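For reference, the chains in residue letters:
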Amino acid sequence: MAETVNQNPEQIARDKIDKMLSEAGWEIQSKGQINLSASKGVAVREYQTDAGFADYVLFVERNPVGVIEAKKEEEGHRLTVVEEQSKDYAQAQLKYLKNDPLPFVYESTGTITRFRDFRDPKPRGRNVFSFHKPETIAEWIRKGTSLRARLQNLPSLPEDGLRPAQIVAIKNLEMSFKNNKPKSLIWMATGAGKTFTAATFVYRLLKHADAKRILFLVDTRNLGEQAEQEFMTYQPNDDNRKFTELYNVQRLTSGYIASDSQVCISTIQRLYSILKGEELEESAEESNPNESTWMEQQMNKKQPVPVEYTPRVPIEQFDFIVIDEAHRSIYNLWKQVLDYFDAFLIGLTATPDKRTFGFFNENVVSQYTYEESVTDGVNVPYEVYNIETEISSKGAVIESGWFVDRRDKLTRAKRWQQEDEDTEYKRNDLDKKVVNPSQIRNIIKEYKKVLQTTIFPGRFDEQGNYEVPKTLVFAKTDSHADDIIKIIREEFNEGDDFCKKVTYKIDEDPKSVLNRFRNSYYPRIAVTVDMIATGTDVKPLEILLFMRDVKSINYFEQMKGRGTRTIDSEKLREVSATARSKTHFVIVDAVGATKSKKTDSRPLERRPSVPMKDLLGAVTVGVADEDLFLSLANRLIRLEKQITEKEQEKILEFSGGKNLKQITKELISAFDPDAIENGAQELIKDIPQAERTPAQYEEAKKEAQEKLALEAAKTFNGQLNDYLENVRKEHEQIIDHINIDTVTKSEWEKTSVDQAKETVQNFSQYLEANKDEIRALSIFYNQPYQRRDITFKMIQDVMEKLRMDKPTLAPDNVWNAYAAVEDVKGKAPKDELTALVSLIRRACGIDKELKPFDKTIDENFKNWIFKQNAGKHNRFTPEQMEWLRMIKDHVVSSYHIEMDDLDYTPFNAQGGRGKMYQLFGNEMNEIIDELNEVLAA
């Protein structure tokens, strides 16, 4: 093959795409030499359509079936924004032909390839390892409907012979398929019948979804043999024949996959060796590969052989891959096997770990739940809803020894490597140095949940479908925006039109996308990086989701301003049919943007669309423009936060001893009025004050400004410019799939003092109003001397009624409200019931200040013991004291102790009521009564 050193990036990408097409069995032809009979599949370059020239049009059996939109490798991070372009070509009329819209659409850089089948119910692009074979596409066309379309029509599950956990797992899994979720995890305890569950849904997928072939993947030969036995003995409850009488099951013992097999069982080691074109020693299948010497040998190689395209095992070989014991061997080296195939992935495990959840996108179908929220919104100009996650707040550590993906920021190409040291990242490193998909996913999942239940809960149409209010998401970078877009589309189960990028860097006209966002139903969600202060008013906008922080108060106000516009109710309903009127908008703050310290500085980025290379070149050749200097300064500020110490040393070498901070400061000072004023004063200091003229002063300012600009500009030279440009491109992002995030806070903005007072008042009024109806409250208010009789069950009754009547008066909320208006002794107890007792005691006046009830019991116990010992030196023996402490601890958790409690934990292990009688004799009843009374005082 000819050297490609001197080719341009577009041609290099085309060469890679040509190679991929050829490997997959396509004949490549130029538009001037078309012969559609030359092969089953023909890819014609630069084919003319009424929408322009398509990079490739695909023909199968002489009929046009699809298009490929080719982009240079540097565009890999932006493939989602060329979807409209490729869609236009697919829907266009081809020259000489009267064709229907073409169903199969690819976007590719030769390194990253995305695919959509427009026959799907909600066409959604997905990454694929390579192109599908012409024979496969011919078969898809003959079947008429796509697999994802067929999955919509699975019949209801016959439940006979299935356990409840299996029914839940299969039903939720099939719903996940219908929602086009690429990965699903079934978490099922050992002995609950995971393989039987798998055989059931595999049978249904073959029979009702017409799946071509399903892979059952294991990590030891033993597990493969067990699975084979399970399929051989499995008999569906809607057919008298065994599974193996209906479908061909093949357990792989060599590199041969039978063309008529419908279920393949294989170890992941064998499949890896097949894709590498190597033979596999049988011993490699004996044990879990993470514990085998064979695995160690692979890891000891400097660079284990990566998976490459294998024509005899194409990417579409399997429609579904079931991964047994999914927690063990699907990472590191082996992840390549799963990334290779264009298939739904279903994990089966009894013991998942955090990596398992990350790999399966946290889609745990057998435990798939949605929590209801009860908080109501407030009609104010804007309301803030905070979503906080563990990693958003604190970052995380990727431990040495883990294998992680590293992704090139521009091309999106990934490579995996074993980390040789711990990598700690902070919150500010997210989506720059490190991308944690779980962090993004948890924010989006929480946002989706609270959107329907809390933020705008009434937006359901007559069919029961939720209509997402128009939402604008603020992302940190183009790459961050792409990650957000993909996860939003997945989590909301929507197609590409649902969520779009709106930035300067999209191929579509940004104004066109904005117009659709403003005036059309789709997109419902737009993600933006830099289009903030450019007249982007979208009046129907009701939600701003902040996934980037902002330090400039002006910039932040501009961003907030996107949601403030009023709109006529009828106009609003034209794009958001379920909305009644726009009474407020909501800021969903996922990064603390509403709380972070703001400065008065203006936003520096003035020309976001200009490549850094061009900014550097312009400064070097003497362009002294304020916008140019500020834009370059902003880029260098970002770069300064990313570079290593070695890279800083290189910059000092090429810049004549200036570091990036100094270089940046000089760029900003060149147009800083204070710096110019100081320079001008220095120039005219020798002219007596009385002799100075306005013209001299203006001339001095001009000269001072030019000197500052020259000082800043002369730092830049070809060597420094090349280094600054290249050092940016060298940076990779670590993709942290290991650390799973959790939502730690999801609530409306903390109450103000006025709202806190109102909450305290509402709580007191509620207790007062119900004091005669609820027994525990009746005792607290009317018979305080009987507090010793309040039981755990009584407090539970108060809590349940409170949750039902006034969910906003949850103990945590009321505690926070008290903390805002008075001095509170100690933090809220972790146990809600204990917190509730503390609050009731404060509200009804027993305690003059709010303090944790468990601490009150401790204090009362100490005081009682002190009194008992007064005048009687050590009234109780050490053994008696141990019993008294046990009783006190029991009252802390249960508020009351009965004689019968002595027959249970922890007392029974110490001898129960018999032992207490032995220790205290006839004083036993008296002590129990006395402690109930004293501790609850």
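Owing to the predicted nature of the structure, the values given are computational and were not obtained by experimental measurement.

**Some words on empty space enclosed by the protein**
Okay, step 1: In total, this model carries eight cavities of 30 Å³ or more according to the counting rule given.
Okay, step 2: Counted as a void, the largest cavity has a volume near 270 Å³.
Okay, step 3: Taken together, 21 residues line the largest cavity, and the ones lying closest to its centre are R126, W140, L147, R148 and D319.
Okay, step 4: Put simply, the parts of the chain that give the lining of the largest cavity at least two residues each are β6 (113-117), α3 (134-143) and α4 (147-151).

**Quick look at the pattern of salt bridges**
Okay, step 1: Under the defined criterion, the tally for this structure stands at 45 salt bridges.
Okay, step 2: Across the pair D496 and R489 runs a salt bridge whose closest N-O atoms are separated by 3.1 Å.
Okay, step 3: What you see here is one network of salt bridges that share partners, running through E83, E107, R114, R116, R489 and D496.

**Considering the sheet that holds strand β1 (residues 27-29)**
Okay, step 1: Spatially, β1-β2-β3-β4-β5-β6-β7 is the arrangement adopted by the seven strands of the open sheet, whose pairing is mixed. Each edge of the open sheet is held by one strand with a lone partner, namely β1 and β7 (126-128). Averaged over all adjacent pairs, the angle separating strand axes in this sheet is 30 degrees, with direction ignored.
Okay, step 2: On top of the sheet, helix α2 (residues 83-91) reaches β2 (41-49), β3 (52-60), β4 (63-70), β5 (104-108) and β6; it is set at about 155 degrees to β4, its chief contact.
Okay, step 3: Of the strands in this sheet, β2, β3, β4, β5 and β6 touch α3, which is tilted by about 145 degrees from β5.

**Describing the pairing of strand β9 (residues 214-218)**
Okay, step 1: Burial of β9 is extensive: five of the five residues sit out of reach of the surface.
Okay, step 2: With burial as the criterion, each face of β9 is covered, one bearing I214, F216 and V218 and the other bearing L215 and L217.
Okay, step 3: Relative to strand β11 (residues 263-267), β9 is paired through five bridges, and the arrangement is parallel. Bridge pairing links L217 to S266 in β11.
Okay, step 4: Note: β9 against strand β12 (residues 320-324), four bridges, orientation parallel. Bridged to I214 within β12 is F320.

Cut-offs and rules
Residues numbered from 1 in each chain as written. Predicted model: local features only at pLDDT ≥ 70, side-chain atom pairs only at ≥ 80, totals over all residues. Heavy atoms only, no water. 1 Å grid on protein atoms, 1.4 Å probe; cavity = no way out; pocket = protein on both sides within 12 Å on 5 of 7 lines; lining within 4 Å. Points joined across faces, edges and corners; volume = space filled by probe spheres on them. Helix = DSSP H or I, 4+ residues; strand = E, 2+ residues; numbered from the N terminus. Salt bridge = Lys/Arg side-chain N within 4 Å of Asp/Glu carboxyl O. Pairing = 2+ DSSP bridges. Axes fitted to C-alpha atoms, helices over the stretch in contact; angles between N-to-C directions. Contact = heavy atoms within 4.5 Å. Buried < 20%, exposed > 50% of the residue type's maximum accessible area, 1.4 Å probe, protein only.

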